[in-house]
Amino acid sequence: MNILRKHMQVYFVMGSNNCDRNPEVVLKEALEAGVTCFQYREKGEGAKLGIEKLELGARLKELCNEYEVPFIVNDDVELAIQLDADGVHIGQEDGNITSIREKIGNEKIVGVSTHNVEEALRAVELGADYIGVGPMYFTSTKKDIEEVKGPSVITAIREAGVTLPIVGIGGINISNAKEVMEAGADGVAVISAISKAENVEETVIKLQRG
Ligand SMILES: Nc1nc(C(F)(F)F)ncc1COP(=O)(O)OP(=O)(O)O
Ligand SMILES: [Mg+2]
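Everything numeric in this text was worked out from a predicted model, so none of it was measured.

> I keep staring at the nonpolar core and nothing clicks. Help me out?
One recurring pattern in soluble globular proteins: nonpolar side chains tend to sit buried together. Core analysis: the largest hydrophobic core is formed by 57 residues, its most contacted members being Ile131 and Ile194. Ranked by residue count, the leading element in this core is helix α2 (residues 23–33), at five residues. Ile194 has contacts with Val10, Phe12, Val26, Ala30, Val35, Val200, Thr203, Val204 and Leu207, leaving out every residue within four places of it along the chain. Judged by nonpolar contacts, the second largest core, of 11 residues, contains Tyr11, Ile72, Ile109 and Val167.

Next comes the structure, spelled out in structure tokens:
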């Protein structure tokens, strides 16, 4: 199995504004519990900017390095390069994969947000290393959410012949993660399910079980 596919299993996505507690404490608990990938998504209302965003990113990357978990930066390619992140995650409007790949280099991970078969096939063609597919379910975390797709869109993408690592995203929690995996995902990406969990360890273990 390719190493990146394994890392998609429990993909924690978080920014300081997704947490009621210190984000470093939340991430350490999540890493300790076994999340397999982390994405720094400092975005939206109350998100840090400038030097604060950079410094928090550096601290969170340090934690990921200790656990040998990939550290991915959302949207901000310059920040990903500044932090020497393991990769970047971009949306349909965050610039094109080819120019981003040139900037960040071939050894880094480039993940792409997709919402349907057509976007998934294009992301594969343009050289994405993995794709996020969603939103699976309703989520209040992301304000500009597209129409909810449900896990069936992952099955359709697989039926279209896409073999790239796929992670579902959008409103996923311990009660619906299994159906996302059964639809053909290699993993689940979650924000609030972990960042706001009563018991982070228990939540991560249940997500791992699917
Ligand atoms: N951050 C993300 N991570 C994933 C991943 F694949 F990691 F699960 N999929 C999708 C997103 C959404 O990214 P965002 O920047 O909020 O919106 P957009 O896609 O419109 O750029
Ligand atoms: Mg984006």
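> Even after reading the chapter, I still don't get the UniProt feature "binding site: Mg(2+)" (unreviewed entry) in the protein chain, so can you show me in this structure?
This chain's UniProt record puts "binding site: Mg(2+)" (unreviewed entry) on Asp75 and Asp94. Their sequence span is 20 residues, while the largest C-alpha to C-alpha distance among them is just 6.1 Å; these annotated residues converge on one region. Along the polypeptide, Asp75 turns up in the loop between β3 (71–74) and α4 (77–82). Overall, Asp75 belongs to the partly exposed group, its relative accessible area being 24%.

> Could you clarify how one ought to interpret the environment of Ala85 in this entry?
Relative to the helices and strands, Ala85 resides in the loop between α4 and β4 (87–90). Judged by relative accessible area, Ala85 falls into the buried class, the value being 1%. Taking the C-alpha atoms as reference points, Ala85 and Gln9, 76 residues apart in sequence, are found 19 Å from one another. Setting aside residues up to four positions removed in sequence, Ala85 forms contacts with Lys61, Phe71, Val73, Ala80 and Lys108.

> Even after reading the chapter, I still don't get the coordination of the magnesium ion (ligand 2), so can you show me in this structure?
Six octahedral donors around a metal ideally subtend angles of 90 or 180 degrees, whereas four tetrahedral donors ideally subtend 109.5 degrees. Here the magnesium ion (ligand 2) is held by Asp75 (OD) and Asp94 (OD), and the distances to it run 1.9 to 2.2 Å. Residue Asp75 is located in the loop between β3 and α4, and its partner Asp94 is located in the loop between β4 and α5 (97–104); the two are separated by 19 residues in the primary sequence.

> Would you explain the packing of α2 against helix α3 (residues 50–66) in this entry?
For any two helices packed against each other, one specifies the crossing angle of their axes together with the interaxial distance. Across the interface, α2 lies against α3 with an axial gap of 10 Å and an inter-helix angle of 15°. Between α2 and α3, the interaxial angle falls into the category roughly parallel. In this structure, α2 crosses over α3, and the sense of that crossing is right-handed. Across the interface between the two elements, Pro23, Glu24, Leu27, Lys28 and Leu31 from α2 touch Leu56, Arg59, Leu60, Leu63, Cys64 and Glu66 from α3. A class-by-class count of the residues in the contact of α2 with α3 yields seven nonpolar, no polar and four charged.

> I would appreciate a short explanation of the pairing of strand β7 (residues 166–169) in the present structure.
Working note: regular strand, side chains alternate between the two faces of the sheet. Of the pairings in the sheet, the one linking strand β6 (residues 130–133) to β7 comprises three bridges and is parallel in character. If you follow Val133 over to β7, its bridge partner there is Gly168. In this fold, the crossover linking β6 to β7 by way of helix α7 (residues 152–159) has right-handed handedness. Relative to strand β8 (residues 187–190), β7 is paired through three bridges, and the arrangement is parallel. For Val167, the partnering residue across the bridge sits in β8 and is Gly187. Crossover connection from β7 via helix α8 (residues 177–182) to parallel β8: handedness right-handed.

> Honestly, the packing of α2 against helix α10 (residues 200–209) in this entry has me stumped. Any pointers?
In the contact formed by α2 and α10, the axes pass within 9 Å of each other and the chain directions differ by 45°. In terms of axis orientation, α2 runs oblique to α10. When the axes of α2 and α10 are compared, the crossing they make is right-handed. Touching Glu29, Ala30 and Ala33 of α2 are Val200, Glu201, Val204 and Gln208, all from α10. In the contact of α2 with α10, the residues fall into four nonpolar, one polar and two charged.

Rules used in this analysis
Residues numbered from 1 in each chain as written. Chains lettered and ligands numbered in written order. Predicted model: local features only at pLDDT ≥ 70, side-chain atom pairs only at ≥ 80, totals over all residues. Heavy atoms only, no water. Core = buried A, V, L, I, M, F, W, Y, C linked by side-chain atoms within 4.5 Å. Buried < 20%, exposed > 50% of the residue type's maximum accessible area, 1.4 Å probe, protein only. Helix = DSSP H or I, 4+ residues; strand = E, 2+ residues; numbered from the N terminus. Contact = heavy atoms within 4.5 Å. UniProt positions renumbered as here; feature names shortened; annotations may be inferred. Donors = N, O, S within 2.8 Å, 3.2 Å for Na, K, Ca; no water. Axes fitted to C-alpha atoms, helices over the stretch in contact; angles between N-to-C directions. Parallel < 35°, antiparallel > 145°, perpendicular 65-115°, else oblique. Left-handed = near helix turned anticlockwise from the far one by under 90°. Nonpolar A, V, L, I, M, F, W, Y, C, P; charged D, E, K, R; others polar. Pairing = 2+ DSSP bridges. Right-handed = clockwise from strand over helix to strand, strands pointing away.

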